[in-house]
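Each chain, written out:
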Amino acid sequence: MIKETFNPNPELAANAAIKNMDEYWTLQNKALEDYEGFWREYADEKIDWLAPYDQVLDESNAPFYKWFINGKLNVSNQCIDRHLADKADKTAILFEGDRGDVEKISYAQLSLRVNRMANLLRDEFGVGKGDRVVLYMPMIPEAAYAMLACARIGAIHSIVFGGFSAEALKDRIEDAEAKLVITADGAYRKGKPYMLKHVVDDALSQGGKSVEAVLVVKRNNEEITWVEGRDHDYNELITSQHAECPFELMDSEDPLFLLYTSGSTGKPKGVQHATAGYILWAQMTMEWVFDIKEDDVYWCTADIGWITGHTYIIYGPLAAGTTTIMFEGVPTYPDAGRAWKMVQDHKINQFYTAPTAIRVLHKMGEHEPEKYDLSSLKVLGTVGEPIDPPAWKWYYETVGNSKCAIVDTWWQTETGGHMISPLPGATPIKPACATFALPGIIAEVIDPDGTPKEIGETGLLCITKPWPSMIRNIWGDPKRYEKAYFGDAVKNGKPVYFSGDGAVVDEEGYITITGRVDDVINVSGHRMGTAEIEAAVKKDDSVAEVAVVGRPHDIKGESIFIYIVLKEGHINKDIKNHINALLAAEIGNIAIADHIIEVPGLPKTRSGKIMRRILRSIAKHEEITQDISTLEDPSIVEQLVTKAREA
Ligand code: WTA
């Protein structure tokens, strides 16, 4: 462990949005004293309201909270139109292709392209307010245009990460009952074309009957199959669209988008975000956590298929009027210096990535950052999984030259934006620690009954007051929303939001995330439900029982470890390849397991409950300290330990 505390760089602090901890506490105390007043002030200052709201927060139907009641706005106006007066020529999106092609899209050009796309969706495909549009897109500017075009006409986008399989795409299309799918022929990765459109074809041949049309962006012009009548060529249709497109007046609480994410049980859930609260917090956190300044160039390496891409590549940066980089490729191609070369070429000021990427870049090119001029960097961010001290140290010293702030941002798909994070100009940083809740966010580490945990004790990480950018619902399943997020902890008798993560608070009030306490695992920063993986494996006829756990992994944080019991009389010689092929088809390559072992049985209590804690310990090669005498067959543990050692 690194015990040192790193004070903010005084130069950075002098001009920061929040300059010291006194300012932080003043803000946080303001929120505690007058919660609605705190949020009213920011909503009034930051949002371009087209009609005023008449109430800040409505808690009458908790936990279905509503914010900025009856207010009217449009997110595409907030991100584009309102900037045109003084930023028309400023680069909004700086696109760098996999092969090094660069395109700078100004706010004026973004406006034109989004308007055209919005007209295309509305006039040619009849997409209107409340309709769902699924995006299955690579990292190209048209993905951003599509998101903002949906926001402009009030359609609800649901982006499905391009690494998901046809089956997973079909499930998400069906759950959202999407009217239109927007995709691309493919894109480029590691110097070669890769294809996406065929996945949409497969998905729609299996189901997705609500889909009336598929809009295809041509990026790499490789050959694709075409379904006449259903498929439409974006590049051809877009040229004849009007340059003007009036935006829809949206209510504060109208859904802005859905984003499917994994939970501890059942199928992925469509996390539903609302308009006003989401965009307000996206913009505020850009200003506070990344300390965005007028001429900054900002790069977040996420994919738009994840929440980080939504909030911190598109909506937050554009709402804040900054220049945001969109990168098609991978940071290790053509070599481990690609990311650093991009920082040098574009004079990037804020760089935001996942610990897995930092570990890969560290491993592949420890001294690579030294070859480039990285002096433009001010703030380095991490997200998605715990960062380990060695990776933190390298990021701080070698990438940041010991002068940048490292913001370890803790948040979730459901929270919409950052919740717990250092502030670059204010927070003395303890490595690998998310530090303090942001002003306005009330995060507590408690027991299920609301009792605060003692210093140093792990408890449930809960957000005990609603916040503007919070999840509003699980699409079509309000009961599941209540149960999944407000069913585990109460405070003063009232259900509070439980994140699924554990955390611990130290004597100075610093919060450290200890990881998920439910059956969700985090592989390379990708969140996956073990139940979802188990359901996919069970589709194989030879499988009688299956249990999935996470196992610590040097680079990926966690890897997938699967125990399989075969049905009697079944032998499966090549079980690993066989099951991984199934997982790739059912979920996508991100669900491929590192370890799959065939075992004679699973450790179960006499009432038939699988003892997952034992399975986790075995996968980690930990000593079994749990009491196994209550197991139906205690001898199974020894057999599993032997099998796991061989794996
Ligand atoms: C984990 C990603 C430790 C956590 C934005 C959370 C983190 C899940 C951090 C959400 C962090 C995210 N330190 N763990 N800084 N940030 N996590 O929905 O377990 O893809 O619950 O959102 O990632 O993942 P999601």
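Residues numbered from 1 in each chain as written. Predicted model: local features only at pLDDT ≥ 70, side-chain atom pairs only at ≥ 80, totals over all residues. Heavy atoms only, no water.

S.K.: Got a minute to help me understand empty space enclosed by the protein in this structure?
M.R.: Empty space among the atoms becomes visible once a probe the size of a water molecule is rolled across them. Throughout the structure, instances matching the rule amount to 2 cavities of 30 Å³ or more. By volume, the largest cavity amounts to about 50 Å³. Taken together, Asn74, Val75, Cys150, Ala151, Gly154, Ala155, Met250, Pro255, Leu256 and Thr275 make up the full set of residues lining the largest cavity. Contributions of two or more residues to the lining of the largest cavity are made by α7 (141–153) and β14 (255–261). Within the lining of the largest cavity, the residues separate by chemical class into 7 nonpolar, 3 polar and no charged. The calculated volume of the second largest cavity comes to roughly 30 Å³. Taken together, Met21, Tyr24, Ser421, Leu423, Thr427, Phe436, Ala437, Leu438 and Pro439 make up the full set of residues lining the second largest cavity. Class assignment of the residues belonging to the lining of the second largest cavity gives a composition of 7 nonpolar, 2 polar and no charged. (1 Å grid on protein atoms, 1.4 Å probe; cavity = no way out; pocket = protein on both sides within 12 Å on 5 of 7 lines; lining within 4 Å. Points joined across faces, edges and corners; volume = space filled by probe spheres on them. Helix = DSSP H or I, 4+ residues; strand = E, 2+ residues; numbered from the N terminus. Nonpolar A, V, L, I, M, F, W, Y, C, P; charged D, E, K, R; others polar.)

S.K.: How should the side chain of Ser111 be read in this particular structure?
M.R.: Relative to the helices and strands, Ser111 resides in helix α6 (residues 107–125). Setting aside anything within four residues of it in sequence, one finds Ser111 in contact with Ile80 and Leu84. (Contact = heavy atoms within 4.5 Å.)

S.K.: I keep staring at the environment of Arg527 and nothing clicks. Help me out?
M.R.: With respect to the secondary-structure elements, Arg527 resides in strand β29 (residues 526–529). The class for Arg527 is buried, based on a relative accessible area of 16%. Sequence separation of Arg527 and Ser262 is 265 residues, and the distance between their C-alpha atoms is 6.4 Å. Look past the residues within four positions of Arg527 in its chain and what remains in contact with it is Thr261, Ser262, Gln412, Thr413, Glu414, Arg516, Val520 and Ile521. A distance of 3.1 Å separates the side chain of Arg527 from the backbone oxygen of Ser262, its partner in a polar contact. Looking at Arg527, its side chain comes within polar contact range of the side chain of Glu414, at 2.8 Å. (Buried < 20%, exposed > 50% of the residue type's maximum accessible area, 1.4 Å probe, protein only. Polar contact = N/O pair within 3.5 Å; in protein donor to acceptor, adjacent residues only side chain to side chain.)

S.K.: I would appreciate a short explanation of the site of the ligand in the present structure.
M.R.: Surveying the vicinity of the ligand reveals 17 residues, the closest of which are Asp408, Thr409, Thr413, Asp501 and Arg527. Here a nitrogen atom of the ligand sits 3.5 Å away from a polar atom, N or O, in the main chain of Glu385. Between the ligand and the protein, one listed contact pairs an oxygen atom with a side-chain N or O atom of Thr413 at 2.6 Å. Contributions of two or more residues to the shell around the ligand are made by α12 (307–319), β20 (405–409) and β27 (511–516). (Near = heavy atom within 4 Å.)

S.K.: Please explain the layout of surface pockets as it appears in this structure.
M.R.: Its boundaries defined by the atoms lining it, the second largest pocket holds a volume of some 530 Å³. Taken together, 22 residues make up the lining of the second largest pocket; nearest its centre are Ser264, Lys483, Ala484, Asp488 and Asp518. Those elements that provide at least two residues to the lining of the second largest pocket are α16 (478–486) and β26 (497–505). Among the elements that take part in the lining of the second largest pocket, α16 stands out by supplying 4 residues, more than any other.

S.K.: I tried to follow the sheet that holds strand β30 (residues 543–553) on my own but got confused; where do I start?
M.R.: Strand pairing within a sheet occurs via backbone hydrogen bonds; the two strands may be parallel or antiparallel. Pairing is mixed in the open sheet, where 3 strands are placed in the order β30-β31-β32. In the strand order of this sheet, the two ends are held by β30 and β32 (595–598), each with one partner. Adjacent strand axes in the sheet meet at a mean angle of 20 degrees when their direction is disregarded. The sheet contact formed by strand β31 (residues 557–566) and β32 spans 4 bridges and is parallel. When the sheet's bridge partners are listed, Ile562 is paired in β32 with Ile596. (Pairing = 2+ DSSP bridges. Axes fitted to C-alpha atoms, helices over the stretch in contact; angles between N-to-C directions.)

S.K.: How should the sheet that holds strand β5 (residues 102–106) be read in this particular structure?
M.R.: The sheet built from 7 strands is open, its strands ordered β5-β4-β17-β16-β18-β19-β20 with mixed pairing. Whereas interior strands pair on both sides, the edge strands pair on one side only; in this sheet they are β5 and β20. For this sheet, the mean angle separating the axes of adjacent strands, direction not counted, is 20 degrees. Pairing analysis gives 4 bridges linking strand β4 (residues 91–96) to strand β17 (residues 323–327), with the strands arranged parallel. Among the inter-strand pairings, Phe95 is bridged to a residue of β17, identified as Met326.

S.K.: How should I be thinking about the nonpolar core in this particular structure?
M.R.: Burial of nonpolar side chains together is a common tendency in soluble globular proteins. One finds Trp39 and Tyr315 to be the most contacted residues of the largest nonpolar core, which totals 122 residues. Of the residues forming this core, the biggest block, 10 residues, is contributed by α7. Among residues more than four places away in sequence, those in contact with Tyr315 are Val75, Cys79, Met147, Leu148, Ala151, His157, Leu256, Phe257, Tyr278, Ile279, Ala282 and His310. Counting 43 residues, the second largest nonpolar core, distinct from the first, contains Leu196, Trp306, Ile579 and Ile587. (Core = buried A, V, L, I, M, F, W, Y, C linked by side-chain atoms within 4.5 Å.)

Geometric values such as these leave the question of function open.
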